[in-house]
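Next come the chains, spelled out residue by residue.
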Amino acid sequence: MRVRAEAGGSSPFRGRPTVLALFSVGIYLFLYAPILVLVVFSFNRGRLTATWEGFTFDWYRKLLGDAQILGALRNSLIVGLVATALATAIGTAAALAFHRHRFRRQAALDALVILPIVVPEIVLASSLLLLFAALGLRLGYLTVILAHLGFSVSYAVVVVRARLAGLDRSLEEAAMDLGAGPGRTFFRVTLPLIAPGVLAAALLVFALSIDDYVITSFVAGVGSTTLPIQIYSMVRSGISPEINAVSALLLVATSLLLYAAHRLERGRGAREALPPVLLGLLVLAAPFLLGRPAGGGEEGVLNLYIWSNYIAPETLARFEERAHARVRVDVYDTNEALLAKVQAGNVGYDVLCPSNYVVDILRKQGFLRALDRSALPHLANIDPRFLNRDYDPGNRHSVPYFWGTCGIGYNRKRVGAVDSWAALWDRRFAGRILMLDDPRETLGAALKWRGKSLNSQDPEALGMAARLLLAQKPLVKTYDSANYHDVLLSGDVWLAQGWNGQFAKVMAHDPDLDYVIPKEGGSLFIDNLVIPASAPHPVLAHAFLDFTLEAEIAAEICRTMGYSTPNRAAIPLLPPEVRTNPAIFPGEDVLARLELIEDLGETTVLYDRLWTEVKTSR
């Protein structure tokens, strides 16, 4: 390696590029390439994340009208700013105390400060959820801010203590000798000297807060969905370019504020730092100016907790106009996340949308309110095939909302006709196969291929299924439950296991793509609307359930979201290309081969263990 170093302290990279300079450029590209790609693709006309289809501002324009994303960004900023102010103040005070005094068992106190940094996030999240439940706190803004404060104060203490280590105490002593009191000495001498450390701590806390997903997903409640939760839940139906747009705006705003902080730190005047500060604050203020406030009175507000992209904003607007009420929407990404939050109690939601096996669990544990059938006259519109199922006999606690299947999406041009799960074990397609990252569906596919039930609790059958998945692993390109449909559409894989609704969407973009439920059978899911036992507005909740059962509304939801509706009165109102699409509405012979995924109780642990063995094997 040759480094060009010139006399007089000039840059070592001046003149002809050196190996070190090229290496440095490569490192910077590696660090910032993902951010550059995100910004570039926020202007991409196409929805696919890996295919450039032309320049457009459409996603920024749509972002301004997306109340859910703007609301989530607004929540993230409120939580981040409050947590930053509190954590920085507490952390600075604690760092000063540790710096100036020696306490008994100082080493133990130091370890306690560091502990929240090293504790796994999932442990901290579950413990905070249990704590809030024990205290009877309703999940919402307060619990999210307390949780963020809990894990970020330690970072502030560590950063400010590092700055204090280089502080010359004689300056403080000189000020006090000249008559300054403790308060004046702190604000006129100490704080200016440690200001860079305090600012660094504040920026670090803000970054940690605005980025947190795991802990927030456990402790967020009504009206407090943050941007990471919104993005992660949207992954279930594909990442929207609107997310790229909001991320790019957030990046611009924080860069402007960092630039202003840098100029202040270099001793520039406030006048020079003011323009970037104003621009950055203007960008950050956009969700407050354009989005609807999350607050409001409790009366006339319906709190809906639902999968992302499961109901259109215009449908919600129609209900709000009719009921003279507001709908406050929070989203989740897995049934397990919903289950954990409801079981913790005191969540404050009026309507939930769990899948069938979760309805069974919540019903048996007494978390659901029995429905008032007299308030649901449009329940008669539901196809009897989706009523009175084992997970809720008599539909005393649930009404069907969507249903769907799990099968194989494939490229006819590449693999020909497919009719069996065996295609996913065909060595001719090595490296072109995608499997879901889901223990029930992947083990279920292997079980169905060998003629077993996908709800099998037989350890021998499950062991056989795990061995089949281990043998298949060298053929699999990736395990993906989020963007499997986009990966198939991009051509990176030719066969993909997945759910029908997403495949139906990409089939509209490529006539070579098809979807099949294998001849051995597949899984069926039914997502339902339910009212929690603790719902604060049960009358409004019943009105919302009946609203979604109306034929015209159910058709609108099916048409805009692309999933199968169980509402038989709605089907004649759908466009022909939707109601005749076999991927959305399979025939009776196909339905006869489907099996509902059921709650397996303690056997679920065995499924999870076998799936972990498959995923971690080499």
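Look above for the structure.
Residues numbered from 1 in each chain as written. Predicted model: local features only at pLDDT ≥ 70, side-chain atom pairs only at ≥ 80, totals over all residues. Heavy atoms only, no water.

On a plain count of helices and strands, the chain comes out with 25 helices and ten strands. For 618 residues, the compact-globule estimate of 2.2 N^0.38 gives 25 Å, and the C-alpha radius of gyration of the chain, at 28 Å, lies within 12% of that figure. Each principal axis of the C-alpha atoms in the chain carries an extent, and together these give about 90 × 65 × 50 Å. In the chain, which comprises 618 residues, the proportion classed as buried is 51%. Surface accessibility of the chain: about 28900 Å² in total, with carbon and sulfur atoms responsible for 61%. (Helix = DSSP H or I, 4+ residues; strand = E, 2+ residues; numbered from the N terminus. Rg over C-alpha atoms; globule rule 2.2 N^0.38 Å. Buried < 20%, exposed > 50% of the residue type's maximum accessible area, 1.4 Å probe, protein only. Areas by Shrake-Rupley, 256 points an atom, 1.4 Å probe, with all protein chains shown as cover.)

In an α-helix, one full turn covers 3.6 residues, which means residues spaced three or four apart are oriented alike. The terminal C-alpha atoms of helix H21 (residues 538-549) lie 17 Å apart, and with twelve residues this matches the ideal 16 Å at 1.5 Å per residue to within 8%. Burial analysis of H21 places nine of its twelve residues in the buried class, which makes it a mostly covered element. Buried within H21 we find Leu540, Ala541, His542, Phe544, Leu545, Asp546, Phe547, Thr548 and Leu549. (Expected span 1.5 Å × (residues − 1).)

At a minimum axis separation of 11 Å, helix H5 (residues 121-135) and helix H6 (residues 141-164) run at an interaxial angle of 135 degrees. For the element pair H5 / H6, the angle class is oblique. At the point where H5 passes H6, the crossing takes the right-handed sense. On the side of H5, the interface is formed by Leu124, Leu128 and Phe132, while H6 contributes Thr143, Leu146, Ala147 and Phe151. Considering only residue class, the contact of H5 with H6 consists of six nonpolar, one polar and no charged. (Axes fitted to C-alpha atoms, helices over the stretch in contact; angles between N-to-C directions. Parallel < 35°, antiparallel > 145°, perpendicular 65-115°, else oblique. Left-handed = near helix turned anticlockwise from the far one by under 90°. Contact = heavy atoms within 4.5 Å. Nonpolar A, V, L, I, M, F, W, Y, C, P; charged D, E, K, R; others polar.)

Bringing the pattern of salt bridges into the picture now. Tallied over the full model, the rule gives 16 salt bridges. Two residues, Arg318 and Glu556, come together in a salt bridge whose shortest N-O distance is 2.7 Å. With Arg318 in helix H13 (residues 313-323) and Glu556 in helix H22 (residues 551-561), this pair connects stretches of sequence that are 238 residues apart. Judged by relative accessible area, which is 30%, Arg318 ranks as partly exposed. The exposure class of Glu556 is buried, given its relative accessible area of 9%. (Salt bridge = Lys/Arg side-chain N within 4 Å of Asp/Glu carboxyl O.)

A separate point is a nonpolar patch on the surface. On the surface, a nonpolar cluster with roughly 880 Å² of combined accessible area is contributed by Phe23, Ile27, Tyr28, Phe30, Leu31, Tyr32, Ile35 and Leu36. As for its position among the elements, Phe23 is in helix H1 (residues 19-41). Taking relative accessible area as the criterion, Phe23 reaches 52% and is therefore assigned exposed. (Patch = residues over 30% accessible without salt bridge, like charges linked within 9 Å, V, L, I, M, F, W, Y side chains within 5 Å.)

On to the nonpolar core, then. Core analysis: the largest hydrophobic core is formed by 105 residues, its most contacted members being Leu304, Tyr310, Tyr401, Phe544 and Leu545. Ala461, Leu468, Leu606 and Tyr607 belong to the second-largest nonpolar core, a separate cluster that totals 35 residues. (Core = buried A, V, L, I, M, F, W, Y, C linked by side-chain atoms within 4.5 Å.)

Moving on, we come to a positive patch on the surface. Positive charge collects at one region of the surface, where Lys413, Arg414, Arg432 and Lys477 lie side by side. Secondary-structure assignment places Arg414 in helix H16 (residues 412-415). Classification of Arg414 as exposed rests on a relative accessible area of 54%. (Lys, Arg positive; Asp, Glu negative; His and termini not counted. Charge placed at Lys NZ, Arg CZ, Asp CG, Glu CD.)

This next bit is on the environment of Ser534. Here Ser534 lies in the loop between strand E9 (522-530) and H21. Since its relative accessible area comes to 39%, Ser534 is described here as partly exposed. In the structure, Ser534 is positioned 184 residues away from Asp350 in sequence and 7.9 Å away in space, judged by C-alpha atoms.

One pass over the full model with this rule turns up 26 aromatic pairs. An angle of 85 degrees between the planes, with centres 5.1 Å apart, marks the rings of Phe319 and Phe544 as edge-to-face. Within this pair, whereas Phe319 is found in helix H13, its partner Phe544 is found in helix H21, the two being separated by 225 residues in sequence. With a relative accessible area of 2%, Phe319 lands in the buried category. With a centroid separation of 5.3 Å and 55 degrees between ring planes, the pair formed by Phe319 and Phe547 is classed as tilted. Taken together, the positions of Phe319 in helix H13 and Phe547 in helix H21 put the pair 228 residues apart, joining distant regions of the chain. For the residue pair Phe319 and Phe547, the accessibility class agrees, reading buried in each case. What links up through ring pairs into an aromatic cluster is the set Tyr305, Trp307, Tyr310, Tyr332, Tyr349, Tyr401, Phe402 and Tyr563. (Phe/Tyr/Trp six-rings, centres within 6.5 Å; stacked < 30°, edge-to-face > 60°.)

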